[in-house]
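# Examining the three-dimensional arrangement
This is what each chain is made of:
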Amino acid sequence: MKFMKLGSKPDAFQADGGGDSRSSSRRYVLSDLPSDIVVHVDDARFYLHKFPLLSKSSLLQRLIVEASQGGADEVRVGGLPGGARAFEICAKFCYGMVVTLNPYNVVAARCAAEHLGMTEDVDKGSLVFKIEVFLNSGVFRSWKDSIIALQSTVALLPWSEDLRLVARCVDSIAAKATASPGSLVWSYTYNRKAASSDEIVEARRCSSSSSPAVPRDWWVEDLCELDVELYKRVMVAIKSRGDRMPSDVVGEALRAYAARWLPESCRRGEPADDNDDACALEVLETIVWLLPSDGDGSSPCGCSCQFLLNLLKLAVLVGAGELLREELMDRIVLQLHDASVSDLLIPAKPPAQTTYDVELVEALVGRYIRRAGLDDIDGEDVFETNGETDDPSLLALCKLVDGYLAEVAADPNLPVSSFVGLATSMPESARPSHDALYTAIDVFLKMHPNLSKVEKRRISSLMDVKKLSKEASIHAAQNDRLPLRVVVQVLFFEQMRAAAGSASASLLLAAAGDGKAHLELDDDDGDCWKNRALALALPEPPTPSAALRKQIGSMSLKLVGEDRRRAEDAVSDGRRLARSASIANQSSRMSLSSRSRRIFDRLWVVGKPPGPGEVVSKSSDTSGSSQSPRSSAKPLGSNKSSGSSSRNRRYSVS
């Protein structure tokens, strides 16, 4: 810290009782001559002599002359910036006593000297002149001293503003912050990242080889000591110096300032009292206003997505205005895919019934999708989108949304519409796997046991069972919370997957896996699901590709012209292989629940062509008990001639 001593005479100012003159309201100068003037400054009284004061201060000259003409020996100096302490410095200078100027008192002394008229017009080598020399040669050339002096200007407004002391301090700080780290010339600096705060390195005494490298953001923590208005002025001055300061460094400075001044309760996402809310809102508005308008590719505005989401969370807690929230949301959507689930857990503001503000997150995702040019996808047809995207940002965002759904699904107050709206906001091409979505659906169904059958179907229809992993399929097949139709779909496609190992089963899977094979049950989950499952097991195949024709030719599977019996044998063989593979796999994994096992057995009984003399029996969906065969049931062979041409046409490959 810089300092400057003025005068040469010993300090002779005393207070009543010989104590500290600054703590007493009555002060005087030790002298053989009695005092002949009393100067009142605020609540303090100074017993002084007229002659030293008349030769240094134009204001005191006028006041003393006026008092003498009225026969008084007391004068009052009102509105003196800095009060009694600043006047004592000026009075000591008039007496030629030793005065020590430092960054803490120099601004007050400068303002008081200006108010008292201690300028060059009154006396050469005035106090104003000497203070200006100290400011220019010492304070404004020191980083720390400039910050201290700037902080002291707050209590001296508007004098410090009118004398441009605030502006000069700000310019000094901004010039040093934007200078090249390799050319630092002020007294002290330290590497905040590589050294602790008490390891000070004197740059002027260290060679370039021994001095540690100074990072670009070395200054950010020092500026955190400024109040919000001064900080705003300094940051504006720093940002106005062209491209000398990268956006990421400005963003780091704003993050450090937010961590220093935002109430701890607000940073934890807890409600704060009114004083904390007012302080937080002021800091928040300043930080958002100072956010850089550009940045690099990884951080478009110089700040991380986590930091911006924390600001948005705080904006919700303190009730910030709509414009401020819109500004934050516009910046967040540029890098929303870099967020984490915990960053999106923004508490809802009353009177909302949900724990977290799901509508706000849905709005963010919607803006991201519109910005990516994917907003033309209809929410109802989102699962009909063919293909998968290779955009890593979109894949990351979809994974984030599914994880967020699993977290908020545990809220019993979350409505079905909010869950469905957020789940369908992402295009199907961004979900190569539906395991995370299934987890969210399972949590939602568990925490909402009173959903109607229609609502359960609506929730479950969000999931595509063909995109579940082996482990998820096994879990879903035994999940009693899922509707029956979904369990049937899971079982069927799991058997198709297991049967893909054999050649005939691969052909059957290619015919069934055209992207539109979904088991449809009646509204009451009645007996007709069997016939629909059988129809699905023998679907109308699409036009085969050249590769499929080659595979069929190599396998010598020429279905055109073959009779119905050979087609049925091929299908029956595929099913038996699929069933065998499935049974072997399930025995190594885990046994199905009784409900799933009954559905599984029923599915294959329906799909298996009955042999000669066998009849198709009808079972209840819940009991599994057999009913008497219908009297009109006939062996399959008796209708062979009537159905042969139809089946041959159905399986013809041209």
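The residue numbers shown here count from 1 along each chain, following its written sequence. Where local features are concerned, this predicted model is filtered to residues with pLDDT of at least 70; where side-chain atom pairs are given and counted, the filter is 80 or more; whole-chain, interface and lining totals use all residues. Calculated side-chain values reflect all of the structure's heavy atoms, with hydrogen atoms and water omitted.

What follows is about unusual backbone geometry. Of the consecutive residues Leu157 and Pro158, the connecting peptide bond is found in the cis state with omega at 5 degrees. Positionally, Pro158 belongs in the loop between α6 (143-152) and α7 (159-162). Here the phi dihedral of Asp42 falls at roughly 55 degrees; this positive angle occurs in a residue that is not glycine. Think of it this way: any DSSP run of H or I at least four residues long counts as a helix, any run of E at least two long counts as a strand, and we number them from the N terminus. Looking at where Asp42 falls in the secondary structure, it is placed in the loop between β4 (37-41) and β5 (44-48).

What follows covers the pattern of salt bridges. Salt bridge, as applied in this entry: a Lys or Arg side-chain nitrogen positioned within 4 Å of an Asp or Glu carboxyl oxygen. Counting across every chain of the model gives 20 salt bridges. A salt bridge links Glu494 to Lys470; its shortest N-O distance comes to 2.3 Å. Here the residue Glu494 occupies a position in helix α23 (residues 484-498), and Lys470 occupies one in helix α22 (residues 470-477), the gap between them amounting to 24 residues. Considered together, Glu494 and Lys470 belong to a single accessibility category, that of buried residues. The network of salt bridges with common partners includes Asp11, Arg27, Glu88 and Lys92. Relative accessibility thresholds used throughout: buried, under 20% of the residue-type maximum; exposed, over 50%; partly exposed, between the two (1.4 Å probe, protein chains only).

Tracing the chain through its elements places Met496 in helix α23. Of the residues examined, Met496 reaches a relative accessible area of 3% and is grouped as buried. Put simply, Met496 and Lys466 are 30 residues apart on the chain and 9.9 Å apart in space, counted from C-alpha to C-alpha.

In this section: the environment of Glu407. With respect to the helices and strands, the residue Glu407 is situated in helix α18 (residues 392-408). Note on Glu407: relative accessible area 40%, which makes it partly exposed. Distance in space between the C-alpha atoms of Glu407 and Leu345 is 8.6 Å, their sequence separation being 62 residues. Contacts are assigned to residue pairs with any non-hydrogen atoms lying within 4.5 Å of each other. Setting aside residues no more than four positions away along its own chain, Glu407 makes contact with Val341 and Leu345.

The strand order β2-β3-β5-β4-β6 describes an open sheet built from five strands, whose pairing is mixed. Each edge of the sheet is formed by a strand with only one pairing partner; in this case those strands are β2 (13-15) and β6 (74-77). Going from strand to strand, the sheet's axes swing by 25 degrees on average, the running direction of each strand aside. When DSSP finds two or more bridges between two strands, those strands count as paired. The pairing of strand β3 (residues 26-29) with β5 spans three bridges and is parallel. Paired with Arg26 across the strands is Arg45, a residue of β5. Axis lines are fitted through C-alpha atoms, for helices just across the contact stretch, and the angle between N-to-C directions can take any value from 0 to 180 degrees. Its contacts with the sheet put helix α3 (residues 83-95) on β2, β3, β4 and β5, and the angle it makes with β5 is roughly 10 degrees.

Glancing now at the packing of helix α15 (residues 322-332) against helix α17 (residues 358-371). The packing of two helices is summarised by the inter-axis angle and the distance between the axes. Two numbers describe how α15 lies on α17: the axes approach to 9 Å, and their chain directions differ by 50 degrees. Taken together, the axes of α15 and α17 are oblique relative to one another. Crossing of α15 against α17: the hand is right-handed. For the pair α15 and α17, contact is made by Arg325, Glu326, Met329, Asp330 and Ile332 and by Leu360, Ala363, Leu364 and Arg367, respectively. Residues are sorted three ways: Asp, Glu, Lys and Arg are charged, Ala, Val, Leu, Ile, Met, Phe, Trp, Tyr, Cys and Pro are nonpolar, and all the rest, Gly among them, are polar. In terms of residue class, the contact of α15 with α17 is made up of five nonpolar, no polar and four charged. Convention used here: angles under 35 degrees read as roughly parallel, angles over 145 as roughly antiparallel, angles from 65 to 115 as roughly perpendicular, and any remaining angle as oblique. Take the far helix as the reference: if the near one is turned anticlockwise from it by less than a right angle, the crossing is left-handed, and if turned clockwise, right-handed.

Further remarks concern the nonpolar core. Residue types Ala, Val, Leu, Ile, Met, Phe, Trp, Tyr and Cys, when buried and joined through side-chain atoms within 4.5 Å, form a set referred to as a nonpolar core. Grouped together as the largest cluster of nonpolar side chains are 159 residues, with contacts concentrated most on Val39, Leu48, Phe87, Trp219, Leu223 and Phe419. In this entry, domain limits derive from an automatic or database-based domain assignment. Looking at which domains feed residues into this core, each of domain 1 (1-141) and domain 2 (393-506) supplies at least three. Sequence-distant contacts of Leu223, that is, excluding residues within four places in its chain, are made with Trp143, Ile147, Ile173, Tyr231, Val234, Met235, Ile238 and Tyr257.

A few words on helix α20 (residues 435-447). Given a rise of 1.5 Å per residue, 13 residues ought to cover 18 Å, and the 19 Å separating the end C-alpha atoms of α20 matches this to within 8%. Along α20, the residues that are buried comprise Leu437, Tyr438, Ala440, Ile441, Asp442, Phe444 and Leu445. Tucked into the core, α20 has its buried residues touching α18, α19 (416-423), α21 (453-460) and α22. The span you would expect from a helix comes to 1.5 Å times its residue count less one.

To continue, consider the packing of α20 against α22. Close contact between α20 and α22 brings their axes to 10 Å; oriented N to C, the two are set at 25 degrees. The orientation of α20 with respect to α22, classified from their angle, is roughly parallel. At the point where α20 passes α22, the crossing takes the left-handed sense. Each of Asp435, Tyr438 and Asp442 in α20 lies in contact with α22, whose residues at this interface are Ala472, His475 and Ala476. Looking at the contact of α20 with α22 residue by residue, the classes come out as three nonpolar, one polar and two charged.

Here we come to the pairing of β6. By the alternation rule, side chains of β6 split into Val75 and Val77, which are all buried, and Glu74 and Arg76, of which none is buried. One ladder, built from four bridges, connects β4 with β6; its direction is parallel. Counterpart to His40 in the pairing with β6 is Arg76.

On to the side chain of Ser146. Note on placement: Ser146 falls in helix α6. Ser146 gets classed as buried once you look at its relative accessible area, which sits at 0%. By the criterion applied in these results, polar contacts are pairs of N or O atoms within 3.5 Å in which, for protein atoms, one can donate a hydrogen and the other can accept it, and in which residues neighboring in sequence qualify only through two side-chain atoms. Side-chain polar atoms of Ser146 contact the side chain of Ser172, separated by 3.0 Å. In this structure, Ser146 is in contact with Val139, Phe140, Cys169, Ser172 and Ile173, ignoring residues within four places of it in sequence.

Each Phe, Tyr or Trp ring, with Trp reduced to its six-membered ring, pairs with another whose centre is within 6.5 Å; inter-plane angles below 30 degrees give stacked pairs, above 60 give edge-to-face pairs, and intermediate values give tilted ones. Tallying each qualifying case throughout the model produces eight aromatic pairs. With 4.7 Å between their ring centres and 65 degrees between their planes, Trp143 and Trp218 make a pair best called edge-to-face. A residue pair is termed long-range when its members are at least 10 positions apart, and Trp143 in helix α6 and Trp218 in the loop between β9 (201-202) and α9 (220-223) qualify at 75 residues. Exposure remark for Trp143: the relative accessible area of 3% places this residue in the buried category. Taking relative accessible area as the criterion, Trp218 reaches 3% and is therefore assigned buried. Considering the side-chain rings of Phe419 and Phe444, the 4.7 Å spacing of their centres and the 35 degrees angle between planes classify their relative orientation as tilted. Of this pair, Phe419 sits in helix α19 while Phe444 sits in helix α20, and the two are 25 residues apart along the sequence.

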